[in-house]
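Letter by letter, the chains look like this.
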Amino acid sequence: MMEKGISSVEVLPSKSSQVTAVKVVVKEPETKQTQRGKRVGFVLVHAGAGYHSESKAKEYKHVCKRACQKAIEKLQAGALATDAVTAALIELEDSPFTNAGMGSNLNLLGEIECDASIMDGKSLNFGAVGALSGIKNPVSVANRLLCEGQKGKLSAGRIPPCFLVGEGAFRWAVDHGIPACPPGIMATRFSLAAFKRNKRKLELAEKVETDLIQLKKRRQSNEKGSRVMCRMCGRRSKASGGNTGGGQIKLYSLENDSGTLDTVGAVVVDQEGNVAAAVSSGGLALKHPGRVGQAALYGCGCWAENTGAHTPYSTAVVESTLYGPYWPENVHVLCKQKMPTKLS
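Now for a quick tour of the structure. These numbers were taken from a predicted model, which means no experiment stands behind them.

## Structural notes on the nonpolar core
Link 1 in the chain: Counting residues in hydrophobic clusters, the biggest one holds 38 residues, and the most contacted among them are Val43, Val45, Val85, Val141 and Val268.
Link 2 in the chain: Looking at this core element by element, the count peaks at 7 residues for helix H1 (residues 57-76).
Link 3 in the chain: Of all hydrophobic cores here, the second largest spans 15 residues; its members include Met119, Ala128, Ala316 and Val318.

The following block contains the structure:
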């Protein structure tokens, strides 16, 4: 029950416990402005692609539900789509079970560096941060960049930034009133445990690679010696070293076996029919310090575009990456809703 009327929420069916969508219907008392009918909104969130721990299925559902509820509350209060989608992403970043914000993957140095981006489908404006440390909610910085960019040029005609990385992003955030967060608070017991396991795998993999290089050199040396002996004996023989022990060498790869998912994302359509999309990610496990992933890149991490004369569909895309043993594959969650300029 709202102060001004009744609101209802319809949960849309989904086959995945990591994706939740809701349709928000807001009814208000009949006035000249609302006699046209009820106003409608749309919220979709996903908690990431990758390894899904069945033991944490309940936590995934709960965090998706809370993220949707945060966005719904913003929409019911009349907020813009960008503010609602930011609220949803903040809830996902605050969960220790997602690879975004709190509990993100650690890099090679054991530090957390996050990527995030947001796009406004009405203006096509974009805000993003990459390799950002020391800020609890990277998407809040991305949204602030978007908002500041919409205000126009800075003093002396300077162009405002829309994408900042590393120390520059951190300084800009603090200068604009976004509180810093001690790096130690960002890591959770889940992310620290995953970091230790992945470090052991990396050390073992490097040892295996070294052994393979030495084995290859021995084989080449044995093959060269065998060819010399063949010419001296006047007969042909197989080169030795084809199998030095009969055993197979196991190859190791980093896996997301901690139950930590990948890039989280959300799509929101507000009561005026404006669409917004946002994503946030802690990046690859044991990534090189300073690496910026797809989640921060314009037209790659997320996309939002309103219905227009040349675009009969409002389009929103949020990105996530499925990790394979060796090759990452981009997977996109696409939300297309055929809508008028204003929802009614």
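## Topic: the pattern of salt bridges
Link 1 in the chain: The final tally for this structure, using the stated rule, is 6 salt bridges.
Link 2 in the chain: Put simply, Glu148 and Lys151 hold a salt bridge, and the shortest N to O gap is 3.1 Å.
Link 3 in the chain: Exposure remark for Lys151: the relative accessible area of 62% places this residue in the exposed category.
Link 4 in the chain: In this structure, Glu167 engages Arg171 in a salt bridge whose closest nitrogen and oxygen atoms are separated by 2.8 Å. You can see Glu167 and its partner Arg171 sitting in helix H4 (residues 166-175), 4 residues apart, about one turn around the helix.
Link 5 in the chain: Here the salt bridges share partners, and the residues they tie into one network are Arg144, Glu148 and Lys151.

## Examining helix H3 (residues 138-149)
Quick reminder: α-helices carry 3.6 residues per turn. Residues three or four places apart thus point the same way.
Link 1 in the chain: For H3, which comprises 12 residues, the first-to-last C-alpha distance of 17 Å matches the rise-based estimate of 16 Å (1.5 Å per residue) to within 8%.
Link 2 in the chain: Along H3, the residues that are buried comprise Pro138, Val139, Val141, Ala142, Asn143, Leu145, Leu146 and Glu148.
Link 3 in the chain: On its buried face, H3 sits against helix H2 (81-93), strand E4 (114-120), strand E5 (126-132), strand E6 (163-165), H4 and strand E8 (275-281).

## Considering the environment of Ser314
Link 1 in the chain: Position of Ser314 among the secondary structure elements: in strand E10 (residues 314-322).
Link 2 in the chain: Sequence separation between Ser314 and Gly121 is 193 residues; the distance between their C-alpha atoms is 8.0 Å.

## Focus: unusual backbone geometry
Link 1 in the chain: If you check the backbone angles, Ala131 has positive phi at about 50° while not being a glycine.
Link 2 in the chain: Considering the arrangement of structural elements, one finds Ala131 in strand E5.
Link 3 in the chain: The class for Ala131 is buried, based on a relative accessible area of 7%.
Link 4 in the chain: The phi torsion at Leu286 lies on the positive side, around 55°, for a residue other than glycine.
Link 5 in the chain: Note on placement: Leu286 falls in the loop between E8 and strand E9 (302-305).
Link 6 in the chain: Residue classification places Leu286 among the buried positions, given a relative accessible area of 9%.

## Observations concerning the side chain of Thr263
Link 1 in the chain: Within the secondary structure layout, Thr263 lies in the loop between helix H6 (189-233) and strand E7 (264-269).
Link 2 in the chain: Looking at Thr263, its side chain comes within polar contact range of the side chain of Ser281, at 3.4 Å.

## Some points on the packing of H1 against H2
Link 1 in the chain: Where H1 contacts H2, the axes come no closer than 8 Å and their chain directions differ by 155°. In this view, H1 runs roughly antiparallel relative to H2, as classed from their interaxial angle. Crossing of H1 over H2 shows right-handed handedness. Here Val63, Arg66, Ala67, Lys70, Ala71, Lys74 and Leu75 of H1 lie close against H2, whose contacting residues are Asp83, Ala84, Ala87, Ala88, Glu91 and Leu92.
Link 2 in the chain: Among the residues making up the contact of H1 with H2, the classes are represented as 8 nonpolar, no polar and 5 charged.

## Considering the pairing of E4
Link 1 in the chain: The buried count for E4 comes to 7 of 7 residues, which makes it a mostly enclosed element.
Link 2 in the chain: With 5 bridges joining them, E4 and E5 adopt antiparallel strand pairing. By the bridge assignment for E5, Ile118 is matched with Gly127.
Link 3 in the chain: From the end of E4 to the start of E5, which pair antiparallel, there are 5 residues, and Leu124 there has a positive phi angle of about 65°.
Link 4 in the chain: Relative to E8, E4 runs antiparallel, the two being bridged by 6 bridges. Paired with Ser117 across the strands is Val279, a residue of E8.

Cut-offs and rules
- All residue numbers refer to positions counted from 1 along the written sequence of the respective chain.
- Reporting in this predicted model follows two pLDDT cut-offs: at least 70 for local features of residues, and 80 or more for side-chain atom pairs to be given and counted; totals over whole chains, interfaces and linings ignore these cut-offs and use all residues.
- Hydrogens and water are ignored here; the side-chain numbers use all heavy atoms of the structure.
- By convention a nonpolar core is built from buried Ala, Val, Leu, Ile, Met, Phe, Trp, Tyr and Cys residues, the set being connected through side-chain atoms within 4.5 Å.
- To sort residues, take the accessible area from a 1.4 Å probe on protein chains only and compare it with the maximum for the residue type: under 20% means buried, over 50% means exposed, and anything in between is partly exposed.
- Each helix is a run of DSSP H or I of at least 4 residues and each strand a run of E of at least 2, with the numbering of both proceeding from the N terminus.
- By salt bridge we mean one thing: a side-chain nitrogen of Lys or Arg within 4 Å of a carboxyl oxygen of Asp or Glu.
- What a helix should span is 1.5 Å times the count of its residues minus one.
- Contacts are assigned to residue pairs with any non-hydrogen atoms lying within 4.5 Å of each other.
- Nitrogen and oxygen atoms within 3.5 Å of one another constitute a polar contact, given that in protein one can donate a hydrogen and the other can accept it, and given that sequence-neighbouring residues count only through two side-chain atoms.
- Orientation is described by axes fitted as lines to C-alpha atoms, over the contacting stretch for helices, and by angles from 0 to 180 degrees between their N-to-C directions.
- With respect to orientation, any angle under 35 degrees is reported as roughly parallel, any angle over 145 as roughly antiparallel, any angle of 65 to 115 as roughly perpendicular, and every other angle as oblique.
- Take the far helix as the reference: if the near one is turned anticlockwise from it by less than a right angle, the crossing is left-handed, and if turned clockwise, right-handed.
- Residue classes follow a fixed rule: Ala, Val, Leu, Ile, Met, Phe, Trp, Tyr, Cys and Pro count as nonpolar, while Asp, Glu, Lys and Arg count as charged, and any other residue, Gly among them, counts as polar.
- Criterion used throughout: strands pair if DSSP finds at least two bridges between them.

All we've got here are geometric facts, nothing functional implied.
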